[in-house]
Every structure is written in C-alpha cells, then in structure tokens.
Amino acid sequence: MSHVDVVSLIGTAVPESLRSEGHMACWIVAVDGVMRSGPFVSRDAAGASKSIWLLELARRQRDSNQFLA
C-alpha cells in the first residue's frame, strides 16, 4: 500500500503566488514521496485531501485484488 503524507512548506519553499498573498507556510499531499495535491493554505484542507487519497488508494487496492481472485 502506498504511503500518504501531509508535508508542510515554509519560507522560500512556499510558492511565490502564495507568498505574494502573505502566506509564509503551506501544505501539500505527497504519495510515496511525490507531490500529488496542493499547495493548501490550511492544514485542514490538506488533511481532507489526504483522506480522499487514502480512500482512492484503498479502492484501487480492492479493485486489483478482485482480479486476483
């Protein structure tokens, strides 16, 4: 099963478009170390996206197991 993380970015790692709006931190969702969604300006939004990714990955796993049966 894939590993899903919420990763925080601070300072110059924050995209310029968000820094220009005054945001000095943001969050992304990474699946197996690869950015898959974001950036988000709130941890809650990133957490919601992580939940969606976990559901989708579980669905894919279930579907692939059906082919093995």
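Residues numbered from 1 in each chain as written. Predicted model: local features only at pLDDT ≥ 70, side-chain atom pairs only at ≥ 80, totals over all residues. Heavy atoms only, no water.

Here's the deal with the side chain of serine 37
Next up, step 1: Checked against the element boundaries, serine 37 lands in strand β3 (residues 34-40).
Next up, step 2: A relative accessible area of 14% means that serine 37 is categorised as buried.
Next up, step 3: Polar side-chain contacts of serine 37 include one of 2.7 Å to the side chain of serine 49.
Next up, step 4: Excluding residues within four positions of it along the chain, serine 37 makes contact with Ile28, Val29, Ser49 and Trp53. (Helix = DSSP H or I, 4+ residues; strand = E, 2+ residues; numbered from the N terminus. Buried < 20%, exposed > 50% of the residue type's maximum accessible area, 1.4 Å probe, protein only. Polar contact = N/O pair within 3.5 Å; in protein donor to acceptor, adjacent residues only side chain to side chain. Contact = heavy atoms within 4.5 Å.)

Some remarks on the sheet that holds β3
Within a sheet, neighbouring strands are paired by backbone hydrogen bonds and run either parallel or antiparallel to one another.
Next up, step 1: With antiparallel pairing, three strands are arranged side by side in an open sheet as β1-β2-β3. Lying at the two open borders of the sheet, with one neighbouring strand each, are β1 (4-10) and β3. With strand direction ignored, the average angle separating the axes of adjacent strands in the sheet is 30 degrees.
Next up, step 2: Examined bridge by bridge, strand β2 (residues 25-31) and β3 share four bridges and lie antiparallel to one another. Its bridge partner being in β3, alanine 30 is matched across the sheet by methionine 35. (Pairing = 2+ DSSP bridges. Axes fitted to C-alpha atoms, helices over the stretch in contact; angles between N-to-C directions.)

Focus: the nonpolar core
Next up, step 1: Listed in full, the seven residues of the largest apolar core are Val4, Trp27, Val29, Val31, Phe40, Ala46 and Leu57.
Next up, step 2: Mapped onto this core, the elements with two or more residues apiece are β2 and α2 (43-68).
Next up, step 3: Residue contributions to this core peak at three residues, all from β2.
Next up, step 4: Filtering out sequence-adjacent residues up to four positions away, alanine 46 remains in contact with Val6, Trp27, Val29 and Phe40. (Core = buried A, V, L, I, M, F, W, Y, C linked by side-chain atoms within 4.5 Å.)

Here's the deal with unusual backbone geometry
Next up, step 1: Here the bond from glycine 38 into proline 39 is cis, since omega is 10 degrees, no more than 30 degrees from zero.
Next up, step 2: Phi at aspartate 32 takes a positive value of approximately 50 degrees, unusual for a residue other than glycine.
Next up, step 3: Within the secondary structure layout, aspartate 32 lies in the loop between β2 and β3.

Such coordinate-based values are descriptive only and should not be taken to indicate function.
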